[in-house]
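Examining the three-dimensional arrangement
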Amino acid sequence: MVKLITWNVRGLNKVYKQAELEKFMKNNKVGLIAILEHRVQGKYAEQIIKKIALEWIWCSNYDANGRSRIWILWNSNEVVFTVISTSTQLIHGAVRICALNVGFQLTIVYGLHNLVNRRSLWGELQAIASLQKEAWILMGDYNAILHYDDRIKGNPVQEYEVADFKKFMMDTNMMKLKTNGKRYTWTNNHVLSKIDWALMNSEWMTTWTHVEATALDPHFSDHSPLAIEVGGRGIKGARPFKFFNHLAQHPDFISIVTNKWGSGQHMKGMEAIWYKLKQVKQELKTLNCRKFSKVTKKVDYYRKELNEMQIETRDPEKQVGLADKEREVKQQLEKWVVIEESILKQKSRVKWLQLGDAKNAYFYACMKNRTAHKQIRRLNTVDGNIAQNEKEVESEIVKFYQKLLGTAAAELPTVQVDVLNEGNKLTREQQLKMIEAVSRDEVYNAMKDIDDQKAPGCDGFNSFIFKESWKVIGEEIPVLCWNSFTLETCSTL
């Protein structure tokens, strides 16, 4: 694991700050650090950097305007950093992790305070993004907020303050790296703002899925250091079942539901529905593994087959003989491309793109991003520390809910009927309307109104499976709704 940090130190001319920074780097086992707003003149830079990290290599953006705001220091035994371009507000380069022999692009950002002057930064970053084909991460002090709640206890956030940042994110499809630790990264003891960011492109998300940023304590600065650890592996657990909509298009789908729905006849009500869905789930798991495993590899296989076949058909003598086979390969390719896109769209939950838009790389990155944000690898504890591993996180969650929910009680307070009688009451007509039986059509129409991409329930089923198998299950589902309105059921509430 190699730790990379960006930190606006708010000046580094004072000796005590230099000593504290040296201690910070040793304690955190830093491999590369970007020091922002150091306020050190160029003629003193070498001298101060040797005090902090004697044998480390460094670069700066003094050449951009003579007044550097960014230093990058790295331990050459762990990291190799190659500068590609510099400007007043950024240093862009390539990082190679020596122990892993892997690399990525890194841009260190220090945005100017003036909104107008900062606009050139977005243009420079967009130009880099247009040429980017590998994993890329941007870290630093942007001096810009992205959302309305990124500043509190100050002037209300105006639209013009976030417009340029939002436009950059949309135009480049950049995403925020999940960040733990302090919510607001800068404060003047009156106003709190989140202006230090770690952003990533889709290639970073697919390559370094488990990497998260941590906003550490600010120490001697008014900015929090932003840290990431590259390397290692994320925590992997068992994958829960999730119904994919393409399964409903398979010829065996209805027969599977029909066969399994006939089981559990000795049960009634919700217990019977639960049992039948469980049986259906097992069969659909088998179907998915048997018919739809390694979808991406199948897409690649048929693309390769089609390409090779069309090379052969350049010979007129072979063209007629291969026509039927080429048509079959095209059909298979179309089938698996649609299935792949459907799966990725469902996993990524991106609703504003329609199937057929060929945005699979973007779907895949969004899916990885959602997965990363749902996982808890680090957690802020009640006492202000950060739980770093799985056991510490688990322990903190248990302690939190024990305190929140308390322990078992011998008695619980009940509703006071005399207090209720003093308030407004429903008329008899209103009461009857409330418990009026729901029709079968009402249940089905309510089901139809649920989006096909809606997140599944805890059993892994979404609304689409119920819509597609309504002819089989449609007689029993409404009965559950009707039973909830029976006098016997209502009397127990």
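The structure this text deals with has already been given above.
Heads up: these notes are all about the structure in this document. (Residues numbered from 1 in each chain as written. Predicted model: local features only at pLDDT ≥ 70, side-chain atom pairs only at ≥ 80, totals over all residues. Heavy atoms only, no water.)

**Topic: the overall build of the protein chain**
In terms of regular secondary structure, the protein chain is built from 19 helices and 18 strands. Scaling as 2.2 N^0.38, a compact globule of 493 residues should have a C-alpha radius of gyration of about 23 Å, whereas the protein chain reaches 30 Å, well beyond that. Principal axes of the C-alpha set define a box for the protein chain whose edges measure 95 × 85 × 45 Å. The proportion of buried residues among the 493 residues of the protein chain is 42%. A fraction of 61% describes how many contacts in the protein chain between residues 6 or more apart in sequence connect residues 24 or more apart. Carbon and sulfur atoms provide 52% of the accessible area of the protein chain, an area that totals close to 28900 Å². If the 70 positive side-chain charges of the protein chain are averaged to one point and the 58 negative ones to another, these points end up 3 Å apart. (Helix = DSSP H or I, 4+ residues; strand = E, 2+ residues; numbered from the N terminus. Rg over C-alpha atoms; globule rule 2.2 N^0.38 Å. Buried < 20%, exposed > 50% of the residue type's maximum accessible area, 1.4 Å probe, protein only. Contact = heavy atoms within 4.5 Å. Areas by Shrake-Rupley, 256 points an atom, 1.4 Å probe, with all protein chains shown as cover. Lys, Arg positive; Asp, Glu negative; His and termini not counted. Charge placed at Lys NZ, Arg CZ, Asp CG, Glu CD.)

**A look at the side chain of Glu 396**
Among the secondary structure elements, Glu 396 is positioned in helix α12 (residues 390-405). Contact partners of Glu 396, with chain neighbours within four places excluded, come to Leu 379, Thr 381 and Val 382.

**Focus on the sheet that holds strand β5 (residues 79-87)**
Strand order in the open sheet formed by six strands is β5-β6-β7-β8-β14-β10, with mixed pairing between adjacent strands. Because the sheet does not close on itself, it has two edges, and the strands there are β5 and β10 (175-176). Of the pairings in the sheet, the one linking strand β8 (residues 136-141) to strand β14 (residues 196-200) comprises five bridges and is antiparallel in character. Paired with Ile 137 across the two strands is Met 200, which belongs to β14. Most of the contacts of helix α4 (residues 115-131) go to strand β6 (residues 90-97), to which it runs at about 35°, and overall it touches β5, β6, β7 (102-110) and β8. Contacts from helix α5 (residues 159-172) reach β8, β10 and β14, with the element oriented near 15° to β14. (Pairing = 2+ DSSP bridges. Axes fitted to C-alpha atoms, helices over the stretch in contact; angles between N-to-C directions.)

**Some words on empty space enclosed by the protein**
Regions of empty space are outlined by a rolling probe, equal in size to a water molecule, passed over the atoms. As enumerated under the stated definition, the model contains two cavities of 30 Å³ or more in all. Space inside the largest cavity adds up to approximately 50 Å³. Lining of the largest cavity is provided by Val 257, Trp 261, Leu 277, Val 280, Ile 465, Phe 466, Ser 469 and Ile 473. Put simply, the parts of the chain that give the lining of the largest cavity at least two residues each are α7 (253-261), α8 (269-291) and α16 (463-468). The class makeup of the residues in the lining of the largest cavity is seven nonpolar, one polar and no charged. If you add up the space inside the second largest cavity, you get close to 40 Å³. Along its surface, the second largest cavity is lined by Leu 115, Arg 118, Trp 122, Ala 144, Ile 145, Glu 161, Asp 164 and Phe 165. Those elements that place two or more of their residues in the lining of the second largest cavity are α4 and α5. Partitioning the lining of the second largest cavity into residue classes produces five nonpolar, no polar and three charged. (1 Å grid on protein atoms, 1.4 Å probe; cavity = no way out; pocket = protein on both sides within 12 Å on 5 of 7 lines; lining within 4 Å. Points joined across faces, edges and corners; volume = space filled by probe spheres on them. Nonpolar A, V, L, I, M, F, W, Y, C, P; charged D, E, K, R; others polar.)

**Re the sheet that holds strand β13 (residues 192-193)**
In sheet architecture, strand pairing relies on hydrogen bonds along the backbone and comes in two forms, parallel and antiparallel. As summarised here, the arrangement of the three strands in space is β9-β13-β12, forming an open sheet in which the pairing is antiparallel. The strands lining the two open edges of the sheet, one partner per strand, are β9 (151-152) and β12 (186-187). In this structure, β9 lies alongside β13, joined through two bridges in antiparallel fashion. Pairing of Arg 151 across the sheet is with Ser 193, part of β13.

**With respect to α8**
In this model, α8 (23 residues) spans 33 Å end to end at C-alpha, consistent with the 33 Å of a helix rising 1.5 Å per residue. Every buried residue belonging to α8 is among Ala 272, Ile 273, Lys 276, Leu 277, Val 280, Lys 281, Leu 284 and Leu 287, and all of these are buried. Buried positions along α8 lie against α7, α16 and α18 (477-483). (Expected span 1.5 Å × (residues − 1).)

**Focus on α7**
What α7 keeps buried is the set Phe 253, Ile 256, Val 257 and Trp 261. Each buried residue of α7 lies within a common arc of 120° when the element is viewed along its axis, so the set occupies one face. (Arc of directions from axis to C-beta.)

**Considering the environment of Lys 433**
Positionally, Lys 433 belongs in helix α14 (residues 428-434). We classify Lys 433 as exposed; its relative accessible area is 57%. The sequence separation of Lys 433 and Gly 474 amounts to 41 residues, and the corresponding C-alpha distance is 24 Å.

**Details of the side chain of Arg 69**
In this structure, Arg 69 sits in the loop between α3 (62-65) and β4 (70-74). The buried charged residue Arg 69 lacks any salt bridge, with Glu 37 as its nearest oppositely charged partner at 7.1 Å. Those residues within four positions of Arg 69 in sequence are excluded, and the remaining contacts are Ile 35, Leu 36, Glu 37, His 38, Asn 61, Thr 88, Tyr 110 and Leu 112. (Salt bridge = Lys/Arg side-chain N within 4 Å of Asp/Glu carboxyl O.)

Purely geometric stuff here, so don't read any function into it on its own.
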